[in-house]
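# Architecture and fold: a report
The residues making up each chain are set out below.
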Amino acid sequence: MSQQYTEECQSSEDWGSECATLIGKIKGTADRITTLENVMWEKQASIDEEEAEKQTMIDEQETEELQEIEQELRDENSRIEEDKRKERVQIAKEEREEKRLYKLLAVIFGGLLILMILFAFILKKTKNTKQHGGKQQ
């Protein structure tokens, strides 16, 4: 379009200098528009690049946080498993102690039973001896 105005301006004698001035202003304005467009595209590319970098940083940070959370969960799970193992060991110890106590009680009551039988036998023998005047049967 600028070419068309240039040709008309050159063919017109009345408008020669004014027309050339206008064409110069139009060309200058068009050059500034082109320059601004280029700056705008460069800035947009820069903004897009910065946004991509920010998103990459955010993604990396989220990944890092997730890995930390996963590690914390694994650590907590390990602690829970260790606590369970300790609890099972403690329960096993208590069960062994309980069995020992039952065995001890059985031995004590068995011993007492034997002592009672012996005592009863001795009492019976003593009673029989006193009743028969010290004679043994």
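Before going into details, it helps to say that this report is about the structure given with it. (Residues numbered from 1 in each chain as written. Predicted model: local features only at pLDDT ≥ 70, side-chain atom pairs only at ≥ 80, totals over all residues. Heavy atoms only, no water.)

Summing up its helical and strand segments, the protein has two helices and zero strands in all. Looking at the protein residue by residue over its 137 residues, the buried ones come to 4%. Accessible surface, the protein as shown: approximately 12800 Å² in total, 58% of it carbon and sulfur. (Helix = DSSP H or I, 4+ residues; strand = E, 2+ residues; numbered from the N terminus. Buried < 20%, exposed > 50% of the residue type's maximum accessible area, 1.4 Å probe, protein only. Areas by Shrake-Rupley, 256 points an atom, 1.4 Å probe, with all protein chains shown as cover.)

Taken together, the side chains of D59, E60, E62, E64, E65, E68, E72 and D75 present a region of like negative charge at the surface. Within the element layout of this structure, E62 appears in helix α2 (residues 16–131). (Patch = residues over 30% accessible without salt bridge, like charges linked within 9 Å, V, L, I, M, F, W, Y side chains within 5 Å. Salt bridge = Lys/Arg side-chain N within 4 Å of Asp/Glu carboxyl O. Lys, Arg positive; Asp, Glu negative; His and termini not counted. Charge placed at Lys NZ, Arg CZ, Asp CG, Glu CD.)

Another point: a positive patch on the surface. A cluster of basic side chains, namely K93, R96, K99, R100 and K103, defines a positive patch on the protein surface. Looking at where R100 falls in the secondary structure, it is placed in helix α2.

Considering all chains together, one arrives at three salt bridges under this definition. For E76, the salt bridge identified is with R79, shortest N-O distance 2.7 Å. On the criterion of helical spacing, the pair formed by E76 and R79 is a turn pair, its members being three residues apart in helix α2. On the basis of relative accessibility, which here comes to 45%, the residue R79 falls in the partly exposed class. With a shortest N-O distance of 2.6 Å, E82 and R85 are connected by a salt bridge. Taken together, the residues span about one helical turn, with E82 and R85 both in helix α2 at a distance of three residues. Judged by its relative accessible area of 39%, R85 falls in the partly exposed class.

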